[in-house]
Amino acid sequence: MADSSFDIVSKVERQEVDNALNQAAKEISQRYDFKGVGASISWSGDKILMEANSEDRVNAVLDVFQSKLIKRGISLKALEAGEPQLSGKEYKLFAEIKEGISQDNAKKVAKLIRDEGPKGVKAQVQGEELRVSSKSRDDLQTIITLLKGQDFDFALQFVNYR
């Protein structure tokens with residue numbers, strides 16, 4: 001019997017992020033506490049730009065955006081927000097969506113699988129993803145449960161289960 005396998009990836013659906021951004025922009029334009037403070041959120045290249053006239057307001061815009069991401073099922077671990085910076089009379093905050101598992105993080109996950117997972121399970125790094133294979137599908141299910149129980153500082157998804 002051939003080995004069963006699955007891939008561990010860290011990807012974000014760009015369309016869902018776009019939908020969350022549009023929902024946040026709509027809420028910001030309609031909310032009373034954002035009236036007259038120049039609050040806005042938009043794409044700036046690959047980054048997300050949030051602007052307002054005070055540091056508290058720009059953080060509130062980030063909070064609204066984060067709540068929309070959560071409602072759309074996107075992990076906040078994929079969002080990397082900087083610090084608000086004063087630019088003229090406005091505060092700007094840039095955030096970006098992190099995708100892919102770095103080599104160091106992939107090695108941490110592979111080590112965890114080797115140390116705590118069932119015997120006979122192999123994990124190999126393939127670029128920005130990790131392939132986990134085993135003869136037993138039950139062992140793969142055990143690995144998925146083990147990884148879901150861990151608190152990594154990056155989002156994980158499990159794809160190509162076969």
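S.K.: Quick question: what am I supposed to make of the overall build of the protein chain here?
M.R.: Secondary structure summary: the protein chain contains four helices and nine strands in total. Mapped from its N terminus to its C terminus, the protein chain presents α and β elements in the order β-α-β-β-α-β-β-β-α-β-β-α-β. Over its C-alpha atoms the protein chain spans a radius of gyration of 20 Å, topping by over 25% the 15 Å that the globule rule assigns to 162 residues. Partitioning the intrachain contacts of the protein chain with sequence separation of at least 6 by distance along the chain shows that 62% fall at a separation of at least 24. Of the side chains in the protein chain, 25 bear a positive and 26 a negative charge, and the two mean positions are spaced by 3 Å.

S.K.: Explain the sheet that holds strand S8 (residues 129-134) to me, please; I cannot follow it from the model alone.
M.R.: Adjacent strands of a sheet pair through backbone hydrogen bonds, lying either parallel or antiparallel. Pairing in this open sheet of four strands is antiparallel, and the strands run S7-S8-S1-S9 from one edge to the other. Every other strand in the sheet has two partners, leaving strand S7 (122-126) and strand S9 (157-159) as the edge strands with one partner each. Sheet twist, expressed as the mean angle between neighbouring strand axes with direction ignored, is 25°. Pairing of S7 with S8 involves five bridges; the strand directions are antiparallel.

S.K.: Would you take a moment to explain the packing of helix H3 (residues 103-116) against helix H4 (residues 137-149) for this structure?
M.R.: Two numbers describe a pair of packed helices, the interaxial angle and the distance between the axes. The interhelical angle for the contact between H3 and H4, taken along N-to-C directions, is 120°, at an axis separation of 11 Å. In this view, H3 runs oblique relative to H4, as classed from their interaxial angle. In this structure, H3 crosses over H4, and the sense of that crossing is right-handed. Residue-level contacts link Val109, Leu112, Ile113 and Glu116 of H3 to Ile143, Leu146 and Leu147 of H4. The class makeup of the residues in the contact of H3 with H4 is six nonpolar, no polar and one charged.

So, how was this worked out
Throughout this description, residue numbers start from 1 for each chain and increase along the sequence as written. Per-residue local features are limited, in this predicted model, to residues with pLDDT of at least 70; the limit for side-chain atom pairs, both in listing and counting, is 80 or more; totals at the level of whole chains, interfaces and linings are taken over all residues. Neither water nor hydrogens contribute to the side-chain values; these are computed over all heavy atoms in the structure. Secondary structure elements are defined from DSSP: runs of H or I of at least 4 residues count as helices, runs of E of at least 2 residues count as strands, and each element is numbered from the N terminus. As defined in this context, the radius of gyration uses C-alpha atoms, and a globule is described by 2.2 Å times the residue total to the power 0.38. Any two residues whose heavy atoms approach within 4.5 Å are treated as being in contact. When charges are counted, Lys and Arg contribute as positive and Asp and Glu as negative, whereas His and the chain ends are disregarded. A charge is said to be at NZ when it belongs to Lys, at CZ for Arg, at CG for Asp and at CD for Glu. Criterion used throughout: strands pair if DSSP finds at least two bridges between them. Helix axes are fitted to C-alpha atoms over the stretch in contact, other axes to C-alpha atoms as well, and angles between N-to-C directions run from 0 to 180 degrees. Under this scheme an angle from 65 to 115 degrees is roughly perpendicular, one under 35 degrees roughly parallel, and one over 145 degrees roughly antiparallel; angles in between are oblique. Handedness of a helix crossing follows the sense of rotation of the near helix relative to the far helix, less than a right angle counterclockwise being left-handed and clockwise being right-handed. Each residue receives one of three labels: charged for Asp, Glu, Lys and Arg, nonpolar for Ala, Val, Leu, Ile, Met, Phe, Trp, Tyr, Cys and Pro, and polar for the others, Gly being one of them.

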